[in-house]
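Below are the chains, spelled out letter by letter.
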Amino acid sequence: MSVERIDALMMKKCFLAGAKALESRKDYINELNVFPVPDGDTGTNMTMTIMAAVREINKLQDVTIDSLCKAMSSGSLRGARGNSGVIMSQIFRGFTKELKGLEYLEVTDLGNSIQHAADTAYKAVMKPKEGTILTVIKAGAERSVELLMEGESHDMVSFAEEVTAYMEDTLKRTPDMLPVLKQAGVVDSGGEGLMTFVRGALAALQGKEVDLDLTGVDAKASPAVTTGTSEVAADIKFGYCTEFIIMLERDQDKVEKELKAYLQGIGDCVVVVADDEIVKVHVHTNHPGLAFEKALTFGSLTSMKIDNMREEHQEKLIRDAETVAKQQAEADKAESEAEEPKEHKADGFVVVSAGDGLSDIFKDLGADEVIEGGQTMNPSTDDILQAVEKVDADHVYVLPNNGNIILAAEQARDLTEDKEVIVIPSTNIPQVIAAMINFMPGQPVDENTAQMTEEMKNVKSGQVTYAVRDTQMDGKDIKQGDYMGIADKKIVAVEKDLQEVTLELVKGMLDDESELVSLYYGADVTEKDAEAIADQILKDHDDLEVEVQYGGQPVYSYFVSVE
């Protein structure tokens, strides 16, 4: 099959085919995470980024190359999540810049666009690292230049096949460029995500039968948050047996049908029985909070009970149901009533939070807007933009709290025109707390920025989670289900017992100048268990001060800081 040029409709088909391919393989791409922790989200981030562009494309009434390029670029730009998603959006941005004003694409246009895509992506990253998605797109640009200089073919299909093959070969060689990839035995996940999209687009260009059905794929859907630590847990699809009663506040004829349909989408073993003014609910799900939130739209809750079937014992995840109900009522009231004008101020804060307890801490420290997100649910550029827009201040400091969110925050900064946005590059929870504590009202922006950034360096940070696969890393023999203590991006402790690994992690973080240890316990840990660890730390080190605070974060049992 020979194709000398393509029109806007074929270009749209190629893009949708690439998006569908990426969406169908996002879980596999997630599993290419270098560390064996349950927070691999590259596939999810790239899919949600590209689905934001798909949503804009599907709105088009008149599909031209110009309108298509604008939808691809602006949609992916605002919907970008995580470093991989931001880089993907920059690839599309660069690619589409070369095509403005064209009615058709020919080989020269395609080749030039790939080169511009690589250039734009590299410029978006402060310190580009080879062996990543950047290397793969650069390989496509290099091969495009070679083929255009040879000038032997005007066939877009053979040109695209040659470029794709070279990019595939480069992807296979990424473990040779990054030792951490070779150690984990995987190729770069971002590069794999890009190539998955390219393969799908190429298949459409080749005239193959491709699946373009993206119905039901929600660009705004949150990625799954998985908890559990045992081998038994792997056999249980939905880990939490959740039961509660809804006290209906008004006539709800369709409650039973609507609630049942929703719960079947997030779990199984669904039982919903309505009786006059109450509804009894039972569901097995990985997201009890989602079940509660949906139920709260029909009335108040009582008799709430959650059993963690993976750990085979009852565990409370929702600490205070009355508080949840009150917060929901306040949120509903805020939506129904016009917001009172807020006082304009010089400085404001937008903070990304991974748990409800952490959100409360950030608000107490002065955060104006808290974005729910974190390692397993990276907020998009648009999420950050919207939060910044809500803050009535001349200067807005954005604290991402995660290295995978910094690029999206910087992209939001560059898209903001009516106020100055300063991204404080915090990569974890202890850093943002240190930064906000050391903010000085009335001090110039550059001085506050320097002071907050410097203070983050004085905090030692660690986290405890569990392994999702067997591997060997950082000199540790790790088995699936083992608990791991991670500090400075290194696995420093591996144990079968959560308390033991946490104590070992803390011990490794201490030095002669250490004064304070802070434990922020997650959704899978009780306050009693956290206090037990604190007591042991004090027994071993009576010169230390130890604080225990509820974080509520998923995936990570503990965030730890040492000062």
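Here we summarise the structure given alongside this text. Quantities reported herein were computed from a predicted structural model and do not represent experimental measurements.

## Some words on the pairing of strand E19 (residues 558–562)
Among the five residues in E19, five count as buried, and that is most of the element. Of the two faces of E19, the one lined by Tyr-558, Val-560 and Val-562 and the one lined by Phe-559 and Ser-561 are each fully buried. Pairing between strand E17 (residues 516–521) and E19: five bridges, direction antiparallel. For Tyr-520, the partnering residue across the bridge sits in E19 and is Phe-559.

## A closer look at helix H11 (residues 189–205)
Compared with an ideal rise of 1.5 Å per residue, which puts 17 residues at 24 Å, H11 spans 24 Å between its outermost C-alpha atoms and is within 8% of the ideal. One side-chain oxygen at the N-terminal end of H11 lies 3.2 Å from the backbone nitrogen of Gly-190; it belongs to Asp-188. The positive-phi residue at the C-terminal boundary of H11 is Gly-207, with phi of around 85°.

## Here we look at a negative patch on the surface
Where like charges cluster on the molecular surface, the negative patch consists of Asp-512, Glu-513, Glu-515, Glu-545, Glu-547 and Glu-563. With respect to the helices, strands and loops of the structure, Glu-513 is situated in the loop between helix H20 (498–509) and E17. A relative accessible area of 68% places Glu-513 in the exposed class.

## Describing the packing of aromatic side chains
In total, this model carries nine aromatic pairs according to the counting rule given. For the pair Tyr-397 and Phe-439, a centre-to-centre distance of 5.5 Å together with 70° between the ring planes defines the contact as edge-to-face. Within this pair, whereas Tyr-397 is found in strand E10 (residues 393–399), its partner Phe-439 is found in the loop between helix H18 (429–437) and helix H19 (445–456), the two being separated by 42 residues in sequence. The pair formed by Tyr-397 and Phe-439 is uniform in burial state, with each residue classed as buried. Relative to Tyr-550, the ring of Tyr-521 lies with its centre 5.5 Å away and its plane at 55°, an arrangement referred to as tilted. Residue Tyr-521 is located in strand E17, and its partner Tyr-550 is located in strand E18 (residues 545–550); the two are separated by 29 residues in the primary sequence. For Tyr-521, a relative accessible area of 5% gives the class buried.

## Here's the deal with the packing of helix H6 (residues 107–123) against helix H7 (residues 133–150)
The geometry of H6 relative to H7 is characterised by a closest axis approach of 8 Å and an angle of 145° between their N-to-C directions. Considering only the axes of H6 and H7, their crossing is left-handed. Here Val-107, Thr-108, Gly-111, Asn-112, Ile-114, Gln-115, Ala-117, Ala-118, Ala-121 and Tyr-122 of H6 come into contact with H7, specifically with Leu-134, Thr-135, Ile-137, Lys-138, Gly-140, Ala-141, Ser-144, Val-145 and Leu-148. The residue inventory of the contact of H6 with H7, partitioned by class, reads eleven nonpolar, seven polar and one charged.

## Structural notes on the sheet that holds strand E15 (residues 483–487)
With mixed pairing, the six strands of this open sheet are ordered in space as E16-E15-E12-E19-E17-E18. The open sheet terminates on both sides in strands that have one partner only, identified here as strand E16 (490–495) and E18. Direction aside, neighbouring strands of the sheet carry axes that sit 20° apart on average. Against the sheet, helix H15 (residues 356–364) contacts E17, E18 and E19, and its axis sits at roughly 115° relative to E18. Each of strand E12 (460–466), E17 and E19 touches H18; the most contacted strand, E19, lies at about 50° to it.

## Thoughts on H20
For H20, which comprises twelve residues, the first-to-last C-alpha distance of 17 Å matches the rise-based estimate of 16 Å (1.5 Å per residue) to within 8%. Leu-498, Val-501, Thr-502, Leu-505, Val-506 and Met-509 are the residues of H20 that are buried. Taken around the axis of H20, the buried residues stretch over an arc of 135°, which confines them to a single face. Exposed positions of H20 whose direction lies more than 90 degrees from the buried face are Lys-507 and Gly-508. Buried residues in H20 make contact with E12, E15, E16, E17, helix H21 (527–540) and E19. Structurally, the start of H20 carries an N-cap: the backbone nitrogen of Gln-499 is 3.0 Å from a side-chain oxygen of Asp-497.

## A few points about the pairing of E12
E12 sits mainly inside the fold: six of its seven residues count as buried. Alignment of E12 against E19, held across five bridges, turns out to be antiparallel. Counterpart to Lys-460 in the pairing with E19 is Val-562. The pairing of E12 with E15 spans five bridges and is classified as antiparallel. Of the residues in E15, the one forming a bridge with Thr-465 is Met-484.

## Considerations on the packing of helix H5 (residues 82–97) against H6
It is the contact of H5 with H6, at a shortest axis distance of 7 Å, that shows an interaxial angle of 140°. It follows from the interaxial angle that H5 and H6 lie oblique. By crossing handedness, the relation of H5 to H6 is classed as right-handed. Taking contact as the criterion, the partners of Ile-87, Gln-90, Ile-91, Gly-94, Phe-95 and Lys-97 in H5 are, on H6, Leu-110, Ser-113, Ile-114, His-116, Ala-117, Thr-120 and Ala-121. Residue classes in the contact of H5 with H6 are distributed as seven nonpolar, five polar and one charged.

Conventions and cut-offs
- Residues numbered from 1 in each chain as written.
- Predicted model: local features only at pLDDT ≥ 70, side-chain atom pairs only at ≥ 80, totals over all residues.
- Heavy atoms only, no water.
- Buried < 20%, exposed > 50% of the residue type's maximum accessible area, 1.4 Å probe, protein only.
- Helix = DSSP H or I, 4+ residues; strand = E, 2+ residues; numbered from the N terminus.
- Pairing = 2+ DSSP bridges.
- Expected span 1.5 Å × (residues − 1).
- Polar contact = N/O pair within 3.5 Å; in protein donor to acceptor, adjacent residues only side chain to side chain.
- Patch = residues over 30% accessible without salt bridge, like charges linked within 9 Å, V, L, I, M, F, W, Y side chains within 5 Å.
- Areas by Shrake-Rupley, 256 points an atom, 1.4 Å probe, with all protein chains shown as cover.
- Salt bridge = Lys/Arg side-chain N within 4 Å of Asp/Glu carboxyl O.
- Lys, Arg positive; Asp, Glu negative; His and termini not counted.
- Charge placed at Lys NZ, Arg CZ, Asp CG, Glu CD.
- Phe/Tyr/Trp six-rings, centres within 6.5 Å; stacked < 30°, edge-to-face > 60°.
- Axes fitted to C-alpha atoms, helices over the stretch in contact; angles between N-to-C directions.
- Left-handed = near helix turned anticlockwise from the far one by under 90°.
- Contact = heavy atoms within 4.5 Å.
- Nonpolar A, V, L, I, M, F, W, Y, C, P; charged D, E, K, R; others polar.
- Arc of directions from axis to C-beta.
- Parallel < 35°, antiparallel > 145°, perpendicular 65-115°, else oblique.

By themselves, these are just geometric observations and shouldn't be taken as functional.
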